[in-house]
Amino acid sequence: MESNQPQNLQICPVCNVSITEDGQVNFSTGSPGTRARLYARVCNYVQKPGCINQESQLIGKVNPEDGFESGENLLTPFFSSLDQSTKQTQ
Ligand SMILES: [Zn+2]
């Protein structure tokens, strides 16, 4: 019986996720993400010593959309309505 998990898989006992050698984070639910996404969603709030995803060099740049389920929610109707109210009058 062989394990289908790579040996280099890192497990974060605090966040309950696994991180592959090339930095792919496998969440317990949902699709895989990045260390930045993991940090934005979990580690940023947990802040426990056992967390393996607290090194900023490994995490890299955290984008605002990393904290959301999808980037679609970032687009609000506000911008489209604003665009209509500022008609060019010459
Ligand atoms: Zn963690």
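Counting restarts for each chain, with residues numbered from 1 along the sequence as it is written. With the structure being a predicted model, the display of local features is reserved for residues of pLDDT at least 70 and the display and counting of side-chain atom pairs for 80 or more, all residues being used for whole-chain, interface and lining totals.

1. Some words on the environment of Asn8
Spelled out, the test is: Under the scheme used here, helices are H or I runs from DSSP no shorter than 4 residues and strands are E runs no shorter than 2 residues, and both carry numbers assigned from the N terminus. Here the C-beta atoms are placed from the backbone, and a residue counts as buried if at least 20 other C-beta atoms lie within 10 Å of its own, exposed if 12 or fewer do, and partly exposed otherwise.
Relative to the helices and strands, Asn8 resides in the segment before β1 (10-12). Since 9 C-beta atoms lie within 10 Å of it, Asn8 is described here as exposed. Considered as a pair, Asn8 and Asp22 are 14 residues apart in the sequence and their alpha carbons are 9.4 Å apart.

2. Observations regarding the sheet that holds strand β2 (residues 17-19)
Which entries qualify depends on this criterion: DSSP-based pairing: two strands are paired if at least 2 bridges between them are found.
Read across the sheet, 3 strands follow the order β1-β2-β3 without closing on themselves; strand pairing throughout is antiparallel. The sheet is open, and its two borders are formed by β1 and β3 (25-26), each paired with just one other strand.

3. Description of the environment of Pro49
Considering the arrangement of structural elements, one finds Pro49 in the loop between α1 (35-46) and α2 (56-59). According to the C-beta neighbour criterion, Pro49 is exposed, with 6 such atoms within 10 Å.

4. Some words on α1
So the rule is basically this: Multiplying 1.5 Å by the residue count of a helix minus one yields the expected span of that helix. Note that contacts rest on C-beta atoms placed from the backbone: two residues are in contact if these are within 7 Å.
Along its 12 residues, α1 runs just 14 Å from first to last C-alpha, ending more than 12% under the 16 Å computed at 1.5 Å per residue. Considering only its buried residues, α1 is in contact with β2, β3 and α2. Gln47 sits one or two positions beyond α1 and adopts a positive phi of about 55 degrees.

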